[in-house]
Amino acid sequence: MTIDTDVLIIGAGASGLTLACDLERRGVRYRIIEASEHGFQGSRAKGVQPRTAEVFDDLGVLEALEPRSTLYPPLGLHIGPFALRRTMIKIHKASPDIPYPNTLLAPQNATDLSLRERLQQLGGHVAYGTRLISYEQDALGLSAVIENGEGRSTIRTRFLIGADGGSSTVRRGAGIPFVGTTDESDRMIVADLDLTGLSRTRWHIWPRNGGRFMALCPLPAGPFQLMLRLKPADPAHLDQAAIESLVRQYTDRVGLKVRKVLWSSVWRPNIRLAERYRRGNVLLVGDAAHVHPPTGAQGLNTGVQDAYNMGWKLAQVIAGAPDALLDSYESERRPVAARVLGLATALYANLKDRPLAAAARGDEERQLALSYRGGALAPMADSSREPGASVMPGDRAPDSSYIDAEKRQGTLFDRFRGPHFTLIAIGSTAILEAHQMAWPQTGAGLEFLLLEGQGNADFRRIYGVDDALVLVRPDGYVAAVATTANALQASPQLTTLLPQ
């Protein structure tokens, strides 16, 4: 039976759009459908972490997103007639290895819009008003029944990707358990408000007993995001009169007026993790695989990085790499989600007794230290590692300035940008070895960066290597470190990465 497309993506939130952008630039045949008639309209997930900014830089999304974002303001903690200033997220200075050190305050609708615009620039588009009804998997692929305004049709696809949120039709169809809990008694109103009478220089918080609180965060586009934790017996009315009454009750400010409720929802702690991320040629990404509390700004970021990890692996397998490469998607990303869920859940639990501690953010939330060391693509016993190397296989490949062998200056992130692998060779012996590298004609290409032994102090300090070869994956993680091309090509993970 004819295959209509190689990849069918269900859901056009941040995760699905990230994957579509990556597949589009790789020339992979795909389709992306979304049940809603348009993109998401609210601010819900509003934090873009530094590692996600690096992903967006590589995909060409960050240029559009930065003007739609800002840095997080300090907290304004309102206790009676007093307003106490507190730092929520420390502002970091950019450094040679971390060019985007700060968490961006970017409403989810701005993030999604920036991704949609980039997808259109690349030549792709989303089929809105189109939903997945059912699917069946067989030995040759999948048959997916979809429905839109013109009726029902069937698409034959090689891979089906569930990016369709916590109530994922794809996950349910695959029979994958979604392990965790939902607390129906703990509810929070989240809304975007056009209001007057409140300073935009603070993220305002009004704490109350028993873990209740109200927060109003100024968003870059003008509205405030409301987060209001209700008591179990409180009604969750979302009309403008009810929300304005609650806001006045918490703030006791006569001059504060809600002019319009732009978007609203009721959130419940639905904290879950899929038992597995893959069943045959069905894979899960983003909220379809894990749902988080709204603390720590982790959910959207984890989903985007899921998609970034998956995209190049799908393309490599379609080009002829071993199917086992796709198994590494789950083995690398599921432990990350489990850890992030624990972090976000602990922060949410702290809201009850330590609201200030729960509001504070540290380095772990920035997701720059996430590593795949010890996984299928970065075994700790890998003999190809350069002894004493600071950066190891499985680690994020940091940025750095460089001077190449032809005296040209640049940064690593500029050279990483794109769908290729990058082989960095530093030192005269390593440069000679780099020319011995054999690389398949199919799949992601290999680009060389040949660095002089002199004048690259930042690179040597950050990467901790000298006269060595560093192979960087398309998703910006180190694949292998070695002193010779033979040792690099003999590393066990390379046979999994490349088409045969």
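Fair warning: this is a prediction, and the values are worked out from it, not measured in the lab.

Chemist: Explain the pairing of strand β2 (residues 30-34) to me, please; I cannot follow it from the model alone.
Modeler: For a regular strand, the rule is simple: side chains alternate between the two faces of the sheet. Among the 5 residues in β2, 4 count as buried, and that is most of the element. As defined by bridge partners, strand β1 (residues 5-10) adjoins β2 across 4 bridges and the pair is classed as parallel. Within β2, the residue paired with I9 across the bridge is I32. On the question of chirality, the crossover connecting β1 to the parallel β2 by way of helix α1 (residues 14-26) is right-handed. Judged from the 2 bridges that link them, β2 and strand β8 (residues 127-128) form a sheet pairing that is parallel.

Chemist: Which parts of the structure should I look at to understand the pairing of strand β10 (residues 141-148)?
Modeler: Bridge analysis of strand β9 (residues 131-138) against β10 gives 7 bridges, and the strand direction is antiparallel. Its bridge partner lying in β10, S134 is registered against V145. Between β9 and β10, which pair antiparallel in sequence order, lie 2 residues. Two successive antiparallel strands, β10 and strand β11 (residues 151-162), enclose a turn made up of 2 residues.

Chemist: Whenever I open this one, the pattern of salt bridges confuses me. Can you help?
Modeler: Inspection of the entire model under this criterion finds 27 salt bridges. D414 serves as the salt-bridge partner of R417, at 3.1 Å between the closest nitrogen and oxygen. D414 gets classed as partly exposed once you look at its relative accessible area, which sits at 43%. Two residues, R473 and D475, come together in a salt bridge whose shortest N-O distance is 2.8 Å. The exposure classification of R473 matches that of D475, with both residues buried. Through salt bridges with shared partners, a single ionic network connects D22, R25, R26 and D58.

Chemist: Can you help me understand helix α6 (residues 240-251) in this one?
Modeler: With 12 residues, α6 extends 16 Å between its outermost C-alpha atoms, agreeing within 8% with the 16 Å of an ideal straight helix rising 1.5 Å per residue. Of all the residues in α6, the buried ones are A242, I243, E244, L246, V247, Y250 and T251.

Parameters and conventions
- Residues numbered from 1 in each chain as written.
- Predicted model: local features only at pLDDT ≥ 70, side-chain atom pairs only at ≥ 80, totals over all residues.
- Heavy atoms only, no water.
- Buried < 20%, exposed > 50% of the residue type's maximum accessible area, 1.4 Å probe, protein only.
- Helix = DSSP H or I, 4+ residues; strand = E, 2+ residues; numbered from the N terminus.
- Pairing = 2+ DSSP bridges.
- Right-handed = clockwise from strand over helix to strand, strands pointing away.
- Salt bridge = Lys/Arg side-chain N within 4 Å of Asp/Glu carboxyl O.
- Expected span 1.5 Å × (residues − 1).

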